[in-house]
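This is what each chain is made of:
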Amino acid sequence: MSKVTAEQLRSTIQQMMEDKKLRDEDHKKKGRKVKPFTETVELQIGLRDYDPERDKRFTGAIRLPSQPYPNRKFALIGTAAHCQQAAAAGIPAIDA
C-alpha cells in the first residue's frame, strides 16, 4: 500500500469530471439522453498498525473543487467544547 497525496486525489477527481463530460458529449452525439446524475466516489482506506481503541484521532482533510450539496443543512453533534467552537463559527450544534 502507498499513501495517497492530496494532489493525487485532486487530479483523480479532475480526471473523473473530464471523463463524465466526454461521456455526456458522446451520448449527445449518438442521440441518447444525458442523465443528470451526480458522480459518486467511495473511498475505502485501510490503516495499518492503527488501533481505534487506543489511537482516537488522526487528521487530514481535502476540499472538493465544488460544493456537492449547496442547499443541504447539517448540524454538529459533539461535546460541550465542540459545541462552543461550532457556535463561534456559526454552525448549528447539538450537545451529545
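Quick notes on the rules
- Residues numbered from 1 in each chain as written.
- Predicted model: local features only at pLDDT ≥ 70, side-chain atom pairs only at ≥ 80, totals over all residues.
- Heavy atoms only, no water.
- Helix = DSSP H or I, 4+ residues; strand = E, 2+ residues; numbered from the N terminus.
- Buried < 20%, exposed > 50% of the residue type's maximum accessible area, 1.4 Å probe, protein only.
- Contact = heavy atoms within 4.5 Å.
- Areas by Shrake-Rupley, 256 points an atom, 1.4 Å probe, with all protein chains shown as cover.
- Salt bridge = Lys/Arg side-chain N within 4 Å of Asp/Glu carboxyl O.
- Expected span 1.5 Å × (residues − 1).
- pLDDT = per-residue confidence, 0-100.
- Patch = residues over 30% accessible without salt bridge, like charges linked within 9 Å, V, L, I, M, F, W, Y side chains within 5 Å.

1. Quick notes on the overall build of the protein
- Across its full length, the protein carries two helices and two strands.
- Of all 96 residues assigned to the protein, the portion counted as buried reaches 6%.
- Within the protein, residue pairs in contact and separated by at least 24 positions form 21% of the contacts whose partners lie at least 6 positions apart.
- Carbon and sulfur atoms form 54% of the exposed surface of the protein, whose accessible area is close to 9,500 Å².

2. A word on the pattern of salt bridges
- Summed over the entire model, instances satisfying the criterion amount to two salt bridges.
- Its salt-bridge partner being Lys-20, residue Asp-24 comes within 3.1 Å of it at the nearest N-O pair. Note that Asp-24 and Lys-20 are positioned in helix H1 (residues 6-29) at a spacing of four residues, about one turn of the helix. Lys-20 shares its class with Asp-24; the two are buried.
- In this structure, Asp-26 and Lys-30 form a salt bridge, with 3.5 Å as the shortest nitrogen-oxygen distance.

3. Section: H1
- For H1, with 24 residues, the first-to-last C-alpha span of 35 Å sits near the 34 Å given by 1.5 Å per residue.
- Regarding H1, the residues found buried are Ile-13, Lys-20 and Asp-24.
- Remark: Gly-31 follows H1 within two positions and exhibits a positive phi of approximately 80°.

4. Remarks on the confidence of the model for the protein
- Per-residue pLDDT for the protein has a mean of 79; in total, 84% of the residues score no lower than 70.
- The lowest-confidence element of the protein is strand S1 (residues 76-78), averaging 85 in pLDDT; the highest-confidence one is helix H2 (residues 80-89), averaging 90.

5. A short note on a nonpolar patch on the surface
- Nonpolar side chains collect at one region of the surface, where Leu-43, Ile-45 and Leu-47 lie side by side and expose about 330 Å² of accessible area between them.
- Take Leu-47: it is sitting in the loop between H1 and S1.
- We classify Leu-47 as partly exposed; its relative accessible area is 43%.

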